[in-house]
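Per-entry structural report
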Amino acid sequence: MVKKLVVFRKRLKAWYKIFVIPMVSICFFAVPVFVRGEEISSPRDSQVVFLLDGSNSMNSHGGSLAVDGLRQMLYSLPFHTQVGFAVYNTEIQCQIEVGAPFDQLEEAFHKVEYTGYTNAGLGLERAVSMLSKREGKEKRIIMISDGEIALRGKEETAESKEQFIKAYESAREKGIEIHIIAIGEEADKEMEILEAARATGGKAYKEGAQGTLSQMIENLVKEELKVPRRSVGTASLERESGRGEWDIDIPVKGALRARILLIGSQGVSNVQASYMAEKGQVITGERFAAVDLEKPQGDRVHLVFDKRENTGVDAYLMLEYEGALSVETSFEKVQKEEKEQGKSMEATPILHLSMRLMNQHGERKNLWETEGYQGHPVFYEVNGQPFEGKVEEGI
């Protein structure tokens, strides 16, 4: 990216935010990188709280699939997203603080029991408080429920409804988005809890009208969370079940993390992966599987899986690289003439600015040379004044 700027000092600060998905098989999670000379700060992570309705009615409205859906979303989020988890029924059944390791979240998911009433006011209030005490730009609550607020008596129900309204008003003031996924028989009705999404700039999804739980989660990830990832494989719907096999390429060596996510419309099973990495694991669910790798050494991952009858399977790839912004500058003075007066004006200093994003591990390669970065926006500052440029031919 080359840019001409009128400047008066050589002090430079650049801000680069990775949003672009290179073609075919690679994508970066959103990583703000602040650069001054050779100094790079850590990424500012986003925070999410999963809020699950743990009331008794969830037993007959896809409770087990709700947990599977949360696990699918957990592995669909960008690397370094900090996740918390809360379950409510009459009281708070479970609370895992934001930033907990995945194994602690997984343990809590598997211990969920559906009992008691639906005290969503208390649940949302707790989720908001879990995010309120934390710093960060992006804060979200993703709530799954099968119905309206309902406790033993009318007064308790009314109190919980008021508590729910106050909680989402507080979330709106704090810049916390609330996304709600409504499942079960009540999902096709106009539920009061959906107002929390509208009030905070979030999205409300209804099972049936907007697909299955797995499909709604996929839509939320793509449309609202805008998680950058790339489709690397599709097995179309077929009448018969069968064995699927894919080779997934990692085009630039030196990735810090790699994750391949398989999502089956009706399920995917017996997933096996062959790879070279410092550390790796295969995570399986009812309708998804994930291959999670730390410092992959090879340039390809071989996948084998079973696809159920009348099931489509999609594969997505996410990669994390550490990139350092290489900045080159040069100056020139441009003499301008005033046409009407015919007089020369004072020479104006012009800064020629070029940036490259260099991979810091493995191949020493300019990551912006990947085809998908063409036209990608870059935001930066010179002497405190913001500018925006675009990647052109790798710079």
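So, here's what we can say about the structure. (Residues numbered from 1 in each chain as written. Predicted model: local features only at pLDDT ≥ 70, side-chain atom pairs only at ≥ 80, totals over all residues. Heavy atoms only, no water.)

Here's the deal with the overall build of the chain
For the chain, the count of helices and strands is six helices and 24 strands. Expressed as a percentage of its 395 residues, the buried residues of the chain come to 50%. Taking the contacts inside the chain whose residues are at least 6 apart along the sequence as the reference set, 73% of them involve residues at least 24 apart. Total accessible area computed for the chain in this model is approximately 19300 Å², and 45% of it derives from carbon and sulfur atoms. (Helix = DSSP H or I, 4+ residues; strand = E, 2+ residues; numbered from the N terminus. Buried < 20%, exposed > 50% of the residue type's maximum accessible area, 1.4 Å probe, protein only. Contact = heavy atoms within 4.5 Å. Areas by Shrake-Rupley, 256 points an atom, 1.4 Å probe, with all protein chains shown as cover.)

Description of the layout of surface pockets
In this structure, the second largest pocket occupies an estimated 360 Å³ of space. Forming the boundary of the second largest pocket are 19 residues, of which Phe102, Arg257, Gln281, Asp292 and Glu294 lie nearest the centre. If you list the elements that add at least two residues to the lining of the second largest pocket, you get helix H2 (102-110), strand E13 (257-264), strand E15 (277-284) and strand E16 (288-296). Here the element with the most residues in the lining of the second largest pocket is E15; it accounts for four residues. (1 Å grid on protein atoms, 1.4 Å probe; cavity = no way out; pocket = protein on both sides within 12 Å on 5 of 7 lines; lining within 4 Å. Points joined across faces, edges and corners; volume = space filled by probe spheres on them.)

Some thoughts on the sheet that holds strand E14 (residues 268-274)
Spatially, the three strands line up as an open sheet ordered E12-E17-E14, and their pairing is antiparallel. Each of the sheet's edge strands pairs with one partner strand only, and the pair in question is strand E12 (242-249) and E14. Strand-to-strand twist across the sheet, computed as the mean angle between neighbouring axes with direction ignored, equals 20 degrees. Relative to strand E17 (residues 300-307), E14 is paired through five bridges, and the arrangement is antiparallel. Across the sheet, residue Val268 finds its bridge partner in E17, namely Lys307. (Pairing = 2+ DSSP bridges. Axes fitted to C-alpha atoms, helices over the stretch in contact; angles between N-to-C directions.)

Some words on the pairing of strand E18 (residues 313-320)
The buried fraction of E18 is high, at seven of eight residues. As paired strands, strand E11 (residues 230-235) and E18 are joined by five bridges and run antiparallel to one another. Counted as the bridge partner of Arg230 is Leu317 from E18. Judged from the eight bridges that link them, E13 and E18 form a sheet pairing that is antiparallel. Paired with Ile260 across the two strands is Leu317, which belongs to E18.

Taken by themselves, the reported measurements are silent on function.
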